[in-house]
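# Geometric and topological summary
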Amino acid sequence: MNNTEAMNVFLKLIGVAYRYYRIILCLDGAGWNTSTQVKLPENIQLLQLPPYSPELNPTEHIWDYLREQKKFNNHTFSSIDAVEKQLSKSLKVLNGEQEILKSMCQFPWIINPS
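So, a few notes on the structure that sits alongside this text. (Residues numbered from 1 in each chain as written. Predicted model: local features only at pLDDT ≥ 70, side-chain atom pairs only at ≥ 80, totals over all residues. Heavy atoms only, no water.)

### What to know about the side chain of Thr-4
What counts is decided by this rule: Runs of E in the DSSP output that reach at least two residues are strands. Runs of H or I that reach at least four are helices, and both are numbered from the N terminus. Only protein chains enter the accessibility calculation, which uses a 1.4 Å probe. A residue is then buried if its area is under 20% of the maximum for its type, exposed if over 50%, and partly exposed in between.
Along the polypeptide, Thr-4 turns up in helix H1 (residues 3-17). Here Thr-4 falls in the buried class, since its relative accessible area comes to 15%.

Structure (structure tokens):
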């Protein structure tokens, strides 16, 4: 499976899991994010970030938070499965912390795009 195919699987899963929501996904300029082969579910809209702007990428703030919470700093994992397990566990906990997520990701330009 190539990156664009994986992106399509991800978009489909998110679209189904949150079918009653309107989702705006912020994406960087990676080729699989900008490919004409990307298939968007009806409830998802893509918002392209400007080049070289990691400070605007909500995902970067989530990674910073996870590292600050000592979820990944100075850890050695025995396998990629162990990394995925820790990431899944950490993201599930973070998903329950809505105010923290909002403070990291709810930028005015996302809420009220012009």
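Structure's up, so let's keep going.
### Observations regarding the packing of aromatic side chains
Here is the rule: Each Phe, Tyr or Trp ring, with Trp reduced to its six-membered ring, pairs with another whose centre is within 6.5 Å; inter-plane angles below 30 degrees give stacked pairs, above 60 give edge-to-face pairs, and intermediate values give tilted ones.
By the definition in use, this model includes 1 aromatic pair. Relative to Tyr-21, the ring of Tyr-18 has its centre 5.9 Å away and its plane inclined at 75°; by these criteria the two rings are edge-to-face. Of the residues examined, Tyr-18 reaches a relative accessible area of 39% and is grouped as partly exposed.

### Section: the environment of Met-1
The cut-off we apply is this: A contact between two residues is defined here by any heavy atoms of the two lying within 4.5 Å.
Relative to the helices and strands, Met-1 resides in the segment before H1. Residue Met-1 is classed as exposed on the basis of its relative accessible area of 75%. Residues Met-1 and Leu-11, 10 residues apart in the sequence, show an inter-C-alpha distance of 15 Å. Once residues lying within four places of it in the same chain are set aside, the contact partners of Met-1 are Ala-6 and Val-9.

Purely spatial values, then, with no claim about function.
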